[in-house]
Amino acid sequence: MTASLIDGKAFAAQVRGKVAAHVARLKDEHGITPGLAVVLVGEDPASEVYVAAKHKQTVETGMASFEHKLPANVSEADLFALIDQLNADPTVHGILCQFPVPDHLDERAVVARIDPAKDVDGLSVMNAGLLASGEKGLVSCTPLGCLMLLRDELGEMSGKEAVVIGRSNLFGKPMGQLLLRENCTVTIAHSRTKDLAEVCRRADILVAAVGRAEMVKAEWVKPGATVIDVGITRIPHPEKPGKTKLLGDCDFDSCATVARAITPVPGGVGPMTIACLLANTVTACCRAHNLAEPDGLTV
Ligand code: NAP
């Protein structure tokens, strides 16, 4: 079997198109422009690249983008004062603080300071609890993106065996909750899981989010499974000196001989994350104004 490719790059472009269409409607019909505020603390080069990409895509979809760059030695009090100001600002519908932050700041406390209704990263305890309770909240962007890809690929998922490798608050746990909502039978595996290969072989849907390059081999994949590769490991490029290459958690070439469909790395899950951040911002804006939410951009 040769797996079909799940093209996250193309799907993310569709999501951005839907976001832009809804933003245009909000502007035309209600005079409302959704706004996303991004807070960057310090000068981490990778974070600067992510923040620039978020700004560009926010503006391209017609939304307002508010960037706040703070020095690496900013005090917790000053950072919280900014977050409080953004929480109170009616033109800001989504707030995210780019992580990692310098060591003297506590990421959990930063997330907790953000109004859950504007927590478009979906990382707050409130939003995690709403997801676990099956209630409406804001869902962490990468798992939301994976769910969109799976819905598009599989349609109905009820009764399927789903295995998620990784149990982080950022990805594994919300992914497991989303699949449970789809009526899958969900296993969340982690570093202490025994016979991981055997557990994975049960999966009709296998989602790998570990950060160990090419850990999942063809023998771990049930024939005909759908494989979503979330992991990203950057290695020196074998052919281009000075360049780097991204590897996923799945050994793509071998897994693709067994799976029914698989996401590549890069070009699979990665592009969905920012697209879902934009989707969450529009959703948050609609909820703030008691307006209908866009179809297919939330759960
Ligand atoms: P994380 O917080 O480090 O969690 C990794 C998880 O993998 C943990 O639950 C850990 O188990 C588990 N694990 C580690 N070694 C394992 C092993 N040998 N067998 C089974 N499980 C193992 O990472 P994360 O934030 O969830 O991210 C995971 C990967 O996804 C990373 O490569 C990250 O870069 C990528 N990612 C990509 C995107 C994107 O936009 N594409 C977004 C988010 C994350 P324990 O809990 O037992 O330690």
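In this text, all values refer to a predicted model and were calculated from it rather than measured experimentally. (Residues numbered from 1 in each chain as written. Predicted model: local features only at pLDDT ≥ 70, side-chain atom pairs only at ≥ 80, totals over all residues. Heavy atoms only, no water.)

Things to note about the overall build of the chain
Regarding its fold elements, the chain presents 10 helices and 11 strands. Oriented by its inertia axes, the alpha-carbon framework of the chain measures out at about 50 × 45 × 35 Å. Sorting the 299 residues of the chain into buried and exposed places 48% on the buried side. Total accessible area computed for the chain in this model is approximately 13900 Å², and 52% of it derives from carbon and sulfur atoms. (Helix = DSSP H or I, 4+ residues; strand = E, 2+ residues; numbered from the N terminus. Buried < 20%, exposed > 50% of the residue type's maximum accessible area, 1.4 Å probe, protein only. Areas by Shrake-Rupley, 256 points an atom, 1.4 Å probe, with all protein chains shown as cover.)

Observations regarding the pattern of salt bridges
Throughout the structure, instances matching the rule amount to 9 salt bridges. Salt-bridge contacts for Asp84 lead to Arg113; the nearest nitrogen and oxygen are separated by 2.8 Å. Here Asp84, found in helix H3 (residues 76-88), pairs with Arg113, found in helix H4 (residues 107-113); they are 29 residues apart in sequence, far enough to count as distant. Note that Glu293 is salt-bridged to Arg287, the shortest N-O span being 2.8 Å. On the accessibility criterion, Arg287 (25% relative accessible area) is partly exposed. Members of the salt-bridge network, linked through shared partners, are Lys136, Arg287 and Glu293. (Salt bridge = Lys/Arg side-chain N within 4 Å of Asp/Glu carboxyl O.)

Points about the domain arrangement of the chain
For the chain, the assigned domains are domain 1 (30-128 + 272-288) and domain 2 (141-262). Here the C-alpha centroids of domain 1 and domain 2 sit 27 Å apart. When domain 1 packs against domain 2, the two sides together hide about 670 Å² of surface, and 76% of this comes from carbon and sulfur. When residues of domain 1 are sorted by the area they lose upon contact with domain 2, Met272, Thr273 and Cys276 head the list and together hold 60% of the total. Here domain 1 and domain 2 share 0 salt bridges between them. A per-class count over the side of domain 1 that touches domain 2 returns 5 nonpolar, 2 polar and 1 charged. (Domains from an automatic or database assignment. Buried area = accessible area lost by both parts, 1.4 Å probe. Nonpolar A, V, L, I, M, F, W, Y, C, P; charged D, E, K, R; others polar.)

Comments concerning the sheet that holds strand S8 (residues 226-229)
Strand pairing within a sheet occurs via backbone hydrogen bonds; the two strands may be parallel or antiparallel. Taken together, 6 strands build an open sheet; the order of strands is S1-S11-S8-S7-S5-S6 and the sheet is parallel. Only two strands of the sheet have a single neighbouring strand rather than two, namely strand S1 (4-5) and strand S6 (185-189). Running at roughly 160° to S8, helix H6 (residues 141-154) makes contact with S1, strand S7 (205-208), S8 and strand S11 (261-262) of the sheet. Across the face of the sheet, helix H7 (residues 172-181) comes into contact with strand S5 (161-165), S6 and S7 while running at roughly 170° to S6. (Pairing = 2+ DSSP bridges. Contact = heavy atoms within 4.5 Å. Axes fitted to C-alpha atoms, helices over the stretch in contact; angles between N-to-C directions.)

Observations concerning the site of the ligand
The full set close to the ligand counts 20 residues, and Arg167, Ser168, Ser191, Ile232 and Thr273 are the nearest of them. In the environment of the ligand, an oxygen atom lies 2.5 Å from a nitrogen or oxygen atom belonging to the side chain of Ser168. Within the backbone of Ile232, an N or O atom sits 2.9 Å from an oxygen atom of the ligand. Protein contact buries 69% of the 920 Å² of open area that the ligand shows by itself. Of the residues in the shell around the ligand, the class split is 9 nonpolar, 9 polar and 2 charged. (Near = heavy atom within 4 Å. Polar contact = N/O pair within 3.5 Å; in protein donor to acceptor, adjacent residues only side chain to side chain.)

Topic: the packing of helix H1 (residues 8-30) against helix H10 (residues 270-288)
Direction vectors running N to C along H1 and H10 enclose 20°, while the axes themselves pass 9 Å from each other. Taken as axis vectors, H1 and H10 run roughly parallel relative to one another. Crossing geometry of H1 relative to H10 is assigned as left-handed. Counting all contacts with H1, which are made through Gly8, Lys9, Phe11, Ala12, Val15, Arg16, Val19, His22, Val23 and Leu26, the residues of H10 involved are Pro271, Met272, Ala275, Leu278, Ala279, Val282, Cys285 and Cys286. Of the residues in the contact of H1 with H10, the class split is 14 nonpolar, 2 polar and 2 charged. (Parallel < 35°, antiparallel > 145°, perpendicular 65-115°, else oblique. Left-handed = near helix turned anticlockwise from the far one by under 90°.)

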